[in-house]
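So the chains spell out like this:
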Amino acid sequence: MPVLDPSTIHRGRVHARYFRENFVQGGIDLVQIIPELVTNADAAIASSGRRSGRIVLALGEPDPYFLERWRVELRGVGAGAITDWRNELRCTDDGIGVNASTVEARLGALGVTPDHADQRGLFGRGLRDVWLAQGGGRIEGVRDGRAVESWFFPAVGDAPYAFAHVVDEPVSSARVQGLGVDVSGARVTVPLALRSLPANARLRRLVAQLVQIRPVLADPQRKLWLELPGDAAALITEPSIESDPERPLLFDDEVVVQPNVTARISVRRAAYPIPLSPSRATRLGGLLILSGRAAHETTLGSYEGAPGARHLYGELRCEAIETLQRRALNSPRPQVVVRVDRSGLNEHHPMVQRLYGAVDRVLAPIVAEEERRVGAHVVRTGRALRARDEVGVRALNDALRSAFDAPGSAGFTPGGDGDSKPTIVDPEKRQARTPVPPLDSGVEHDLDPMLASAMRFKQSPIRLHPGEARNISLIVDPERLPVGTPISIQADPGISLKLWGAAGVPAPNRGGWSRLSGSLRARASVEPGERLVVTAMAAEQVAELEVIIVRHRSSGWVREIARKDEDAVIEAHFDHEDGVVTVFEGRREFKALERAARAAGLPRNRLREYLPYRMLEVEVAANAVYAWAAEQIVSRRLAGEGRLDAAEFAAAVRYEAQALRHRTHEKLMRAFLDPEVFDGSVRIVGEAAARPSNQTALTLHG
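Residues numbered from 1 in each chain as written. Predicted model: local features only at pLDDT ≥ 70, side-chain atom pairs only at ≥ 80, totals over all residues. Heavy atoms only, no water.

1. What to know about the overall build of the chain
Across its full length, the chain carries 17 helices and 28 strands. Here the chain holds 702 residues, and 49% of them are scored as buried. For the chain, the share of sequence-separated contacts (at least 6 apart) that also reach a separation of at least 24 residues comes to 69%. (Helix = DSSP H or I, 4+ residues; strand = E, 2+ residues; numbered from the N terminus. Buried < 20%, exposed > 50% of the residue type's maximum accessible area, 1.4 Å probe, protein only. Contact = heavy atoms within 4.5 Å.)

2. Details of the sheet that holds strand 18 (residues 469-476)
The sheet built from four strands is open, its strands ordered 16-18-21-20 with antiparallel pairing. Edge positions in the sheet fall to strand 16 (455-457) and strand 20 (495-499), since each has one partner strand and no second. Each strand of the sheet is rotated relative to its neighbour by a mean of 30°, with strand direction disregarded. Of the pairings in the sheet, the one linking strand 18 to strand 21 (residues 514-522) comprises eight bridges and is antiparallel in character. When the sheet's bridge partners are listed, Asn471 is paired in strand 21 with Ser519. (Pairing = 2+ DSSP bridges. Axes fitted to C-alpha atoms, helices over the stretch in contact; angles between N-to-C directions.)

3. Notes on the packing of helix 2 (residues 30-47) against helix 5 (residues 127-134)
Across the interface, helix 2 lies against helix 5 with an axial gap of 10 Å and an inter-helix angle of 145°. Of the two elements, helix 2 crosses helix 5, and the hand of that crossing is left-handed. Residues Ile33, Glu36, Leu37 and Asn40 of helix 2 form the contact with helix 5, whose own contacting residues are Leu127, Val130 and Gln134. The class makeup of the residues in the contact of helix 2 with helix 5 is four nonpolar, two polar and one charged. (Left-handed = near helix turned anticlockwise from the far one by under 90°. Nonpolar A, V, L, I, M, F, W, Y, C, P; charged D, E, K, R; others polar.)

4. Quick notes on unusual backbone geometry
Cis rather than trans, the peptide bond between Ser460 and Pro461 has omega equal to 0°. Tracing the backbone shows Pro461 in the loop between strand 16 and strand 17 (462-464). Its identity as a non-glycine residue notwithstanding, Asp144 has a phi of 50°, on the positive side. Among the structural elements, Asp144 can be located in the loop between strand 4 (137-143) and strand 5 (146-153). Taking the relative accessible area as the measure of exposure, Asp144 reaches 68% and is therefore exposed. Positive phi values are uncommon outside glycine, yet Asn260 reaches one of about 70°. By the element assignment, Asn260 lies in the loop between strand 10 (249-258) and strand 11 (261-269).

5. Quick notes on the pairing of strand 20
On strand 20, burial follows the alternation: Ile495, Leu497 and Leu499 on one face are buried, whereas Ser496 and Lys498 on the facing-out side are not. When strand 20 meets strand 21, the two strands line up antiparallel, connected through five bridges. Counterpart to Leu497 in the pairing with strand 21 is Leu520.

6. Brief notes about the sheet that holds strand 15 (residues 378-379)
Pairing is mixed in the open sheet, where four strands are placed in the order 15-24-26-25. In the strand order of this sheet, the two ends are held by strand 15 and strand 25 (572-575), each with one partner. Both strand 15 and strand 24 (residues 560-564) contribute to a ladder of two bridges, which runs antiparallel. Paired with Val378 across the strands is Lys564, a residue of strand 24. Contacts from helix 15 (residues 611-637) reach strand 24, strand 25 and strand 26 (580-584), with the element oriented near 45° to strand 25.

7. Comments concerning the nonpolar core
It is characteristic of soluble globular proteins that their nonpolar side chains tend to be buried jointly. By size, the foremost hydrophobic cluster in this structure holds 42 residues, and its most contacted members are Val558 and Trp628. Here this core gets 14 residues from one element, more than from any other, and that element is helix 15. Among the nonpolar cores identified, the runner-up in size contains 41 residues, and Leu89, Val98, Tyr161 and Leu217 belong to it. (Core = buried A, V, L, I, M, F, W, Y, C linked by side-chain atoms within 4.5 Å.)

8. Quick word on the environment of Ile549
Structurally, Ile549 can be placed in strand 23 (residues 541-549). The exposure class of Ile549 is buried, given its relative accessible area of 0%. In the structure, Ile549 is positioned 22 residues away from Glu527 in sequence and 7.0 Å away in space, judged by C-alpha atoms. Every residue in contact with Ile549, bar those within four places of it in the chain, is listed here: Leu464, Pro466, Ala522, Val526, Glu527, Pro528, Gly529, Glu530, Leu532 and Glu577.

9. Remarks on the pairing of strand 25
As paired elements, strand 25 and strand 26 share four bridges and run antiparallel to each other. Opposite Phe574, over in strand 26, you have Val581 as the bridge partner. Linking two consecutive strands that pair antiparallel, namely strand 25 and strand 26, is a turn of four residues; a positive phi of about 75° is found at Gly579 within it.

10. Concerning helix 2
Taking 1.5 Å of rise per residue, the 18 residues of helix 2 would be expected to cover 26 Å, and the 26 Å separating its terminal C-alpha atoms lies within 8% of that figure. With its phi angle positive at about 90°, Gly49 sits one or two positions after the end of helix 2. (Expected span 1.5 Å × (residues − 1).)

11. Let's talk about the environment of Thr664
Note that Thr664 resides in helix 16 (residues 646-672). Judged by relative accessible area, which is 14%, Thr664 ranks as buried. Remark: the alpha-carbon pair of Thr664 and Leu400, spanning 264 residues in sequence, is separated by 9.4 Å. Setting aside anything within four residues of it in sequence, one finds Thr664 in contact with Ala399 and Tyr626.

12. A closer look at the confidence of the model for the chain
Model confidence for the chain is summarised by a mean pLDDT of 80, while 82% of its residues fall at 70 or above. Low pLDDT (under 50) marks residues 408-451, which in the prediction has 58 contacts with non-local residues, meaning those over four places away or in another chain. Across residues 688-696, confidence stays below pLDDT 50; counting only partners more than four residues off in sequence or on other chains, it has seven contacts. (pLDDT = per-residue confidence, 0-100.)

13. Side note on the pattern of salt bridges
Where charged atoms from two side chains of opposite charge approach closely, those side chains can pair. Scanning the model with the defined rule gives 44 salt bridges in all. Residue Arg143 is joined to Asp144 by a salt bridge in which the shortest nitrogen-to-oxygen separation is 3.9 Å. Here Arg293 ties to Asp219 by a salt bridge, and the two come within 3.0 Å at their closest N and O atoms. Highlighted residues: Arg293 in the loop between strand 12 (286-291) and strand 13 (294-299) and Asp219 in the loop between helix 8 (214-218) and strand 8 (222-227), separated in sequence by 74 residues. Looking at Asp219, the relative accessible area reads 16%, which means it is buried. (Salt bridge = Lys/Arg side-chain N within 4 Å of Asp/Glu carboxyl O.)

14. So, the packing of aromatic side chains
Per the counting criterion, the structure on display carries 11 aromatic pairs. On the basis of an interplanar angle of 80° and a centroid distance of 5.7 Å, the ring pair of Phe66 and Trp151 is categorised as edge-to-face. Here Phe66, found in helix 3 (residues 64-77), pairs with Trp151, found in strand 5; they are 85 residues apart in sequence, far enough to count as distant. Each member of the pair, Phe66 as well as Trp151, is classed as buried. One aromatic cluster is present, formed by Phe66, Trp70, Trp85 and Trp151 through successive ring pairs. Over the face of the ring belonging to Phe66 we find Arg138, whose NZ or CZ atom lies 3.7 Å from the ring centre. (Phe/Tyr/Trp six-rings, centres within 6.5 Å; stacked < 30°, edge-to-face > 60°. Lys NZ or Arg CZ within 6 Å of the ring centre and 35° of its normal.)

15. Regarding helix 15
Compared with an ideal rise of 1.5 Å per residue, which puts 27 residues at 39 Å, helix 15 spans 38 Å between its outermost C-alpha atoms and is within 8% of the ideal. Counting buried positions along helix 15 gives 20 out of 27 residues, so the element sits mostly inside the fold.

16. A closer look at the environment of Leu673
With respect to the helices and strands, Leu673 occurs in the loop between helix 16 and helix 17 (675-679). Note: C-alpha distance between Leu673 and Arg388 (285 residues apart in sequence) is 7.0 Å. For Leu673, the residues in contact, after removing those within four places along its chain, are Arg388, Arg614, Met615, Val618 and Phe678.

Quick look at the structure:
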């Protein structure tokens, strides 16, 4: 007899806005599923009133009996749930447990306030989101003398989801023994949309290094066990970092983030460099940001990847994060502090920006001292090279200005390019012309959302220093927004925009598009590093201007090229707040060219004039700026859209960097290098007569 019928199925109730902002983002993987299950189990143990508790994570094949029941029952009600999976994740705890009424309260409401103030709180997507992304799931539990088994699946029709209790009966000893608990507890099952599981060693490392469950692993009253196929259950403990015996603690004090908001920052030094991780969810180094029982991310502020930060780790505790998150969720236009996909803090929130600023202020002297201790120093160049650098920096700033600039009327047509030349009418010339894909279009010229907008700011992002005012322009397509359409402006605290003239679409100019100008000002109290947004709205069209507050007052994004005699994992680093591109010339490839320059007869103070050495400097410095600009372009283009797959995002950034390089690099090389390089005055002089081997030297003839 079927256990699922219309009378036993409960419809989920959820606010439409919450569904759009949270559920539709899908694509949850193990990095997001495991923290959700573990922190829920931790909260259930705390609610039971016991000090200690046990959590068991198990990955493996599904129970064939349950899988067959699931297929038959879900097919009978016509639900579009997943009906076949090879692997699943089960999380069992001995906490307070669940019964039918608890399940209905948790799944039928928008959100439930945690039972204890020190629990995870209002962060994360929730078990409901995990099940929706995976296509279904079930929960089994025992509480207050009753046992329940509830199934969760997509609803038929317009409702977002449904759930049903296939078991709701007085508890029996068999049911308790099946869950592996004494009196109460719960087991959550999540089908995994994975064809195969990663290797067991990788899974153990993943669980042990997950940032969001660090408070659970650090609690001696919690035991987290991991069961993997073919292996015995293993106890997972907090990852340990050996501290420096001479200087274990570098900073430990309370810092002011903003009025009425403080944070406790502790910076420690490891005995050995901490390995860099491409995944922010499992990294070991950096400052772990905590609030209550929740861990959000690890960060080093603007010193991510800096050689002087390789030994640094610690904690940052800010209890205001939960307060602001709760206030945001109760607001009609929320600006959450923690991202809804639980991948870290929302860097666009003003408080988060000030928090990162506080981290930078604490780390700045520490990183400088670290670099000084290892003997790193900035290399001073000769007057001639500094003069060429000034010319090259101007060309680099021109390239960035072009990359961030909306290209006028061409910006409203797909594939348009502000630097594009007039169309060639001659068919023979058209065939002979090699097509160059523009910076902000795909290979197949799909209509990009930014390009399709009827209104956009002339340049975004732009930089302002505290107290600075700049003129900006808003470009409008009068064919899609009629003349006279009102335009409203909203700006984040810390900046203000005043349009000149009437706040409406003006008459088009000779180019066929309308243009509004105004004055944008940053308050003197804003902190460098903040990213603020100005929003213009007209009818149903929205345009955003991103403003980055910087420290330097130069005329462009890049202020200077600095050379540091230090080995580093990265070739160069661009700090957009200071405007400095740092080239790490302690790397092996630079040292090899240095030896070649000395062998060619150049003295030490003129090593950087050696042509191969100079070309390598220019390449790595330009590539660092190209990569940063590409990230800004791709991130802005994807704002408000669904999250890209990691490989897709990496490919998009790489393409944008290559496109920017294709358009500007020849001009850049001509600016940085001596004109003799392009005049043919550089000759290769053989020294076979002077040396027994066929070694050559490069010489410049002015």
